[in-house]
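# Summary of structural features
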Amino acid sequence: MQISGAELFVKALKAEQVDTLFAYPGGQAIDLFNALYGETEIDIILPRHEQGLVHAADGYARSTGKVGVCLVTSGPGATNLVTGIATANYDSVPLVCFTGQVPTNLIGNDAFQEVDIVGIVRSICKYAVTVRTREELATVIKKAFYIARSGKPGVVLVDLPKDVQRAMGSAEYPEKVEIRGYKPNTAVHIGQIKKALETLNRAKKPLFLVGGGVNIAQAKEEMTRLAELTRVPVVTTIMGKGAIPSDHPLYIGNIGIHGSYAANSAISECDVLFSIGTRFNDRITGKLGTFAQHATIIHIDIDTASISRNIVVNIPIVADAKNAIVALLEKAVPLELEEWTDRITEWKKQNPLKMKEGKLTPQQIMETMNQKFDQAIITTDVGQNQLWATQFLELNGQKQLLTSGGLGTMGYGLPAAIGAKLGNPEKPVIAISGDGGMQMNIQEMATAVVYELPIIICVLNNGYLGNVRQWQQMFYDRRYVSTCLRYRRSCAAVCNTPTGECPEYTPDFVKLAESYGAKGIRVTKAEEIEAAFSEAVKNTKTPTIIEFIIEREVNVMPIVAPGNPLSSMVLENEEDMA
């Protein structure tokens, strides 16, 4: 029996157990959509922009553990995926992105809506390929799903020329594939595990540093057991938060340029740093030569290339995080670390994570969220809203945080929440965004409305691109350039002090929500927060935007200035210390 390439595409999705497809049609993908007509086993989601589409697929994948799947047309449809592909790949999210392409005989002729999308994304994804013949289609799709989900997960792009979609061929779809040269290592080198434990057992001030790899490996329970067995304190990267419950006595906090005082101090003084599933990027290390400079460093990572790339390590272990932690649990023993843990407790007491009290603070918003929701999937945008969320949200086995850690993509929060809700319809889903990031993919409000998704969208509105404004305030002599979102052409050319005379904010988020058919609520003081969340929870058919009007120049503290070691934290604003 022979079927078309487009029909084989649909058969392959079913074989890979794809139940949700994020798709936007166009001329060079129309045959694929035609083959999907009337399909009942696959839920086809039509977002309002391809960037929103790929972020939604990302949120779906992170929240479910499944592969997220995209389908778009050629040219601008394909190039609109680029930011989302990089976002997902930096954070090791398994996506398979299918792009339509002009017929093979037109490739390279500058045909209408032709781009070399494989060439464009090759450096920001795990694998990208153009299918050149109908005969190789089934094998290429099978390889795509295998590569995306195996080893260190990532993004695979498959470019499908129109003639390949239409060509007739075999209906066979392989059950497995072998890829020469691609053999992901997940096994654990027992000798290195033994060496690591011997080093850990001699330590007086050991520390676990946990990154996003532990969450990706679904090893939260095992990581918590390892910490409890050894009694070793735990710090996390932003992506690693939640790997052990954030209210656990052994959890210290996030490290890095906005890490807690206790967590950054522990990194600076530890004698053994046992790192699992992190790349040691610049946002967590501060000045490289001073990072954990007194420590023997052990590093577990599934990606060989990540080990000793930024920080030279003493004991490398290439392995899947969960497999490695299980191996450690078999040999680990309790350690006597009371003096070390008491010192960390004292650091916490000296300088707790706490914002200066005000009429309405992000800390109050996050703490109300903690009390109101026992379980939830929480997405964030990027900027101050993300940092406050990672500082003050409590994460445990019932709560999950989805955020763009590696690329830092504004506009991620809303579409990621849509994908998460589609994948987890029974769970509350909350998006946290700033007023700047919210407007980058605001069109996806329509997607949330038409698919009847009761997500709660928290917009922290300070009228600025807050994170950049904070840097301008602290490190650039308050030269506020292109960060004020209340700016009008009639404003003064130089302005670094917001006043009551500033123009009204555009848009009105409450009216905007209502124009989409959603609910809008505005909160201006702390005593209104709980009621706003209660009202949003009652809205079960459409999304709710809660706009929180926060102080215009509120900052994320502490902060490590550029080029400084983690031990050189600025703990308070100069204005607060005056």
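Anything mentioned here points back to the structure above.
Here's what I pulled together on the structure shown here. (Residues numbered from 1 in each chain as written. Predicted model: local features only at pLDDT ≥ 70, side-chain atom pairs only at ≥ 80, totals over all residues. Heavy atoms only, no water.)

Assigned secondary structure in the protein chain consists of 24 helices and 22 strands. When the backbone C-alpha atoms are referred to their principal axes, the protein chain occupies close to 75 × 65 × 45 Å. Looking at the 578 residues of the protein chain, the share that counts as buried comes to 57%. Residue pairs in contact within the protein chain that sit at least 24 positions apart in sequence constitute 76% of those at least 6 positions apart. Accessible area of the protein chain: about 24300 Å², with a carbon and sulfur share of 49%. Side-chain charges of the protein chain comprise 56 positive and 62 negative groups, with the mean position of each set lying 2 Å from the other. (Helix = DSSP H or I, 4+ residues; strand = E, 2+ residues; numbered from the N terminus. Buried < 20%, exposed > 50% of the residue type's maximum accessible area, 1.4 Å probe, protein only. Contact = heavy atoms within 4.5 Å. Areas by Shrake-Rupley, 256 points an atom, 1.4 Å probe, with all protein chains shown as cover. Lys, Arg positive; Asp, Glu negative; His and termini not counted. Charge placed at Lys NZ, Arg CZ, Asp CG, Glu CD.)

Bringing the sheet that holds strand β3 (residues 43–45) into the picture now. If you trace the six strands from one edge of the open sheet to the other, you get β3-β2-β4-β5-β7-β6, paired in parallel fashion. Strands with a single pairing partner mark the edges of an open sheet, and in this sheet they are β3 and β6 (127–130). Neighbouring strand axes in the sheet, compared pairwise and without regard to direction, differ in orientation by 20° on average. Helix α3 (residues 50–64) rests against β2 (20–23), β4 (68–72) and β5 (95–101) of the sheet, and its axis sits at about 165° to β4. (Pairing = 2+ DSSP bridges. Axes fitted to C-alpha atoms, helices over the stretch in contact; angles between N-to-C directions.)

Along the polypeptide, D320 turns up in the loop between β14 (315–318) and α14 (321–331). Despite being buried, D320 has no salt bridge partner; K322 is the closest side chain of opposite charge, sitting 7.5 Å away. Reaching out from D320, the side chain makes a polar contact with the backbone nitrogen of N323 at a distance of 3.0 Å. Setting aside anything within four residues of it in sequence, one finds D320 in contact with N185, T186, A217 and I302. (Salt bridge = Lys/Arg side-chain N within 4 Å of Asp/Glu carboxyl O. Polar contact = N/O pair within 3.5 Å; in protein donor to acceptor, adjacent residues only side chain to side chain.)

As a further point, take the packing of helix α16 (residues 362–372) against helix α17 (residues 384–392). Packing of α16 against α17 leaves a shortest axis separation of 9 Å and a crossing angle of 50°. The pairing of α16 with α17 is recorded here as oblique in orientation. The crossing of α16 and α17 is right-handed. On α17, the residues touching P362, Q363, M366 and N370 of α16 are N385, W388, A389 and F392. Each residue belonging to the contact of α16 with α17 can be placed in one class, and the counts come to five nonpolar, three polar and no charged. (Parallel < 35°, antiparallel > 145°, perpendicular 65-115°, else oblique. Left-handed = near helix turned anticlockwise from the far one by under 90°. Nonpolar A, V, L, I, M, F, W, Y, C, P; charged D, E, K, R; others polar.)

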